[in-house]
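# Per-entry structural report
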Amino acid sequence: MTDQLQRFLFDDFEIRGEIAQAHTTFEECVSNHDYPVEVANTIGELLIATSLLTATLKFKGKIAVQIQGDGPLSMAVINANQNLEVRGTARYQGDTTGLSFAELIGKGNLMITITPDNGERYQGIVALEKDTLAACLEDYFVQSEQLATKISLFADSTSTPVQAAGLLIQTLPAHSESHEEDFAHVCALASTIKAEEIYTLQNDDLLFRLYHQEKVRLFEAQPISFVCGCSKERCLSSLASLDEEEIKDILEEQDSIDMRCEYCATTYSFKEQDLQILLTPANQKH
Ligand SMILES: [Zn+2]
């Protein structure tokens, strides 16, 4: 089983699609975190949603898809780039047992920030007003891209191994008037998909099961992988923003300053000798 995103196109309809599976990447996002099931599953869905979005919005650079709300899950974010290298984290408080997506988030927003390697940063925001993340994303596409879109997201953090997958069906930007009926037809079939099928079937088998009466062209798959990108050097440079006295105070109380990456849970430990570079006043460096 591989983590991948695969696009497809209908020969006879003005409709495109994508299928994503990211079981191992989901595992790497949630392992070592002790997230409650409801929070972990939301991260899984957000991971798939981000992968589907990344393949849809053509850009070279970085994307962050973030949920913010006043409910128990105050923040969840997935960062990705155009190569589908992703990482994610979440902040929550209180008991989340049995809460639905809408109850977890409360009143909140979905923010999509694209930072291209070359060009201006772009941010799109949509209020989270539907019962599921998938329905909220469909709103985003209608509002920001004026493209009818159907999204199905599946995540199960209780299975061994954990599983996450999703399907996107989208109308092509230029389409004829008879198109609406075709789109409704393709979406009706897409909604019959079962979690077990999308988790385990090969994509050509999955598409045959859904659309055996249609001509569907499947393109080459693109891998999805977990890449954090944190390092001891990056932690050290973030410590540099602390006041020198503050660093000295902490070191007086404990042997080292420990920093835990909130994405991959790696802990970086800095002893006094590692921090000398930050402790030497600039005017004595010569
Ligand atoms: Zn990390």
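Worth saying up front: this structure is predicted, and the values here are computed from it rather than measured.

## Description of the pattern of salt bridges
- In total, this model carries 7 salt bridges according to the counting rule given.
- R16 is paired through a salt bridge with E18; the nearest N and O atoms lie 3.3 Å apart.
- Looking at R16, the relative accessible area reads 13%, which means it is buried.

## A look at the coordination of the zinc ion
- For the zinc ion, the full set of protein donor atoms is C228 (SG), C230 (SG), C261 (SG) and C264 (SG), and the range of their distances to it is 2.2 to 2.3 Å.
- Taken in sequence order, the residues that donate to the zinc ion follow the motif C-x1-C-x30-C-x2-C. Of this pair, C228 sits in the loop between β12 (225–226) and α8 (232–239) while C264 sits in the loop between β13 (256–260) and β14 (267–271), and the two are 36 residues apart along the sequence. Assigned by exposure class, C228 and C264 land together as buried.

## Here's the deal with the domain arrangement of the protein chain
- Domain annotation for the protein chain reports domain 1 (4–226) and domain 2 (232–280).
- Placing the centre of domain 1 and that of domain 2 at their C-alpha centroids yields a distance of 37 Å.
- If you look at the interface, domain 1 gives 11 residues, while domain 2 gives 5 residues.
- For the pair domain 1 and domain 2, the two sides together bury roughly 660 Å², of which 46% comes from carbon and sulfur.
- Viewed at the interface, domain 2 and domain 1 are joined by 5 residue pairs in polar contact (both at pLDDT 80 or more).
- Listing elements by their share of the side of domain 1 that touches domain 2, those giving two or more residues are β4 (73–81) and β5 (85–92).

## A look at the layout of surface pockets
- Considering only enclosed or pocket space, the largest pocket measures out at about 380 Å³ in volume.
- K62, N79, A80, R87 and C228 are, among the 16 residues lining the largest pocket, the residues nearest its centre.
- Elements supplying a minimum of two residues to the lining of the largest pocket: β3 (61–69), β4, β5 and β6 (108–116).

## Points about the packing of helix α2 (residues 37–56) against helix α4 (residues 133–145)
- For the pair α2 and α4, interaxial distance at closest approach is 11 Å and the crossing angle is 25°. When the axis of α2 is compared with that of α4, the two are roughly parallel. Helix-helix and strand crossings are classified by hand; for α2 and α4 the assignment is right-handed. Contact with α2, carried on its side by E45, L46, A49, L53 and T56, involves L133, L137, Y140 and F141 of α4 and no other residues of that element.

## Let's talk about the environment of G94
- In this structure, G94 sits in the loop between β5 and α3 (101–105).
- Counting along the chain gives 21 residues from G94 to L73, while the straight-line C-alpha distance between them is 8.8 Å.

## Concerning the side chain of Q170
- Inspection of the secondary structure assignment puts Q170 in strand β9 (residues 163–171).
- A relative accessible area of 1% places Q170 in the buried class.
- Each residue touching Q170, except ones within four places of it in the same chain, is listed here: E14, I15, R16, T56, F141, L147, A148, T149 and F183.

Definitions and cut-offs
- Residues numbered from 1 in each chain as written.
- Predicted model: local features only at pLDDT ≥ 70, side-chain atom pairs only at ≥ 80, totals over all residues.
- Heavy atoms only, no water.
- Salt bridge = Lys/Arg side-chain N within 4 Å of Asp/Glu carboxyl O.
- Buried < 20%, exposed > 50% of the residue type's maximum accessible area, 1.4 Å probe, protein only.
- Donors = N, O, S within 2.8 Å, 3.2 Å for Na, K, Ca; no water.
- Helix = DSSP H or I, 4+ residues; strand = E, 2+ residues; numbered from the N terminus.
- Domains from an automatic or database assignment.
- Contact = heavy atoms within 4.5 Å.
- Buried area = accessible area lost by both parts, 1.4 Å probe.
- Polar contact = N/O pair within 3.5 Å; in protein donor to acceptor, adjacent residues only side chain to side chain.
- 1 Å grid on protein atoms, 1.4 Å probe; cavity = no way out; pocket = protein on both sides within 12 Å on 5 of 7 lines; lining within 4 Å.
- Points joined across faces, edges and corners; volume = space filled by probe spheres on them.
- Axes fitted to C-alpha atoms, helices over the stretch in contact; angles between N-to-C directions.
- Parallel < 35°, antiparallel > 145°, perpendicular 65-115°, else oblique.
- Left-handed = near helix turned anticlockwise from the far one by under 90°.

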